[in-house]
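Notes for the structure review
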Amino acid sequence: MANETQAVDAAAAVAGHAAEAAEKGGMPQLDFSTFPNQIFWLLVSLGVIYWLLTRIALPRIASVLADRQGTISGDLAAAEEYKLKAKDAEAAYAKALADARAQAQKIIAETRAEIQKELDAATAKADAEIAERVAQSEVAIGEIRLGALEAVQAVAAEAAAEIVVALGGKADKAALGAAVDARVKG
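Computed from a predicted model, the values in this text were never measured in an experiment. (Residues numbered from 1 in each chain as written. Predicted model: local features only at pLDDT ≥ 70, side-chain atom pairs only at ≥ 80, totals over all residues. Heavy atoms only, no water.)

Before going further, it helps to spend a moment on the packing of aromatic side chains. Enumeration over the complete set of coordinates arrives at two aromatic pairs. Taking the centre distance of 5.1 Å and the plane angle of 70° together, the rings of F32 and F35 count as edge-to-face. With centroids separated by 5.1 Å and ring planes inclined at 75°, the aromatic side chains of F40 and W41 adopt a geometry described as edge-to-face. Relative accessible area serves as the criterion here: at 45%, F40 is assigned to the partly exposed category. (Phe/Tyr/Trp six-rings, centres within 6.5 Å; stacked < 30°, edge-to-face > 60°. Buried < 20%, exposed > 50% of the residue type's maximum accessible area, 1.4 Å probe, protein only.)

Moving on, we come to the UniProt feature "transmembrane region" (unreviewed entry) in the protein chain. Within the UniProt annotation, "transmembrane region" (unreviewed entry) is assigned to residues 39-58. In residues 39-58, the share of helix is 100% and the share of strand is 0%. The end C-alpha atoms are 26 Å apart. (UniProt positions renumbered as here; feature names shortened; annotations may be inferred. Helix = DSSP H or I, 4+ residues; strand = E, 2+ residues; numbered from the N terminus.)

For the rest of this paragraph, the subject is a nonpolar patch on the surface. A contiguous nonpolar patch, built from F32, F35, I39, L42, L43, L46, I49, L53, L58, I61 and L65 and spanning about 1,100 Å² of accessible area, is present on the exposed surface. Residue placement: L43 occurs in helix α2 (residues 35-166). (Patch = residues over 30% accessible without salt bridge, like charges linked within 9 Å, V, L, I, M, F, W, Y side chains within 5 Å. Areas by Shrake-Rupley, 256 points an atom, 1.4 Å probe, with all protein chains shown as cover. Salt bridge = Lys/Arg side-chain N within 4 Å of Asp/Glu carboxyl O.)

For any two helices packed against each other, one specifies the inter-axial angle together with the distance between the axes. One can describe the packing of α2 onto helix α3 (residues 173-185) by two numbers: an axis separation of 9 Å at closest approach and a directional angle of 130°. In terms of their interaxial angle, α2 and α3 are classed as oblique. The hand of the α2/α3 crossing is right-handed. In this structure, α2 uses L149, Q153, A156, A157, A160, A161 and V164 to contact α3, whose residues at the interface are L176, V180, D181 and V184. Class assignment of the residues belonging to the contact of α2 with α3 gives a composition of nine nonpolar, one polar and one charged. (Axes fitted to C-alpha atoms, helices over the stretch in contact; angles between N-to-C directions. Parallel < 35°, antiparallel > 145°, perpendicular 65-115°, else oblique. Left-handed = near helix turned anticlockwise from the far one by under 90°. Contact = heavy atoms within 4.5 Å. Nonpolar A, V, L, I, M, F, W, Y, C, P; charged D, E, K, R; others polar.)

Listed below in structure tokens is the structure:
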């Protein structure tokens, strides 16, 4: 029961305050009699907020912005430096590539010259061997021709002797040999 009485007393107090407020004419903020007091405290509150912002919050924000701007500037400067280094590296790469190509062309030219030199030497050696074989073949052909001519003369002399004998004559070897030699020579 004590709780019930306390609840009833609280409700009565609230009703009493509401009745008092209704008699005064509404909300206290809109009561013209308290305006000077409200304006004073409004100005004091705004001054304190202004002082807090200018002395504490804004310097911290300004320092963060300055740090950020410094970081951005430093990063941009580093990026520009890296860009220049990249251009230098690209130029060095292009030069090295050109040097390597020139060196490769030089090596190719030297190798071609060596191969041509070796080819010329091999060709000269082969030409010498062919000339030597041709000379040997000509000597062999000359010997064969001479042997064939001698064989033809011997066969012609024998055939003439047999023909003379077959016709009933006597074959003189010396006369037959002279006649065959005269005919072979032309």
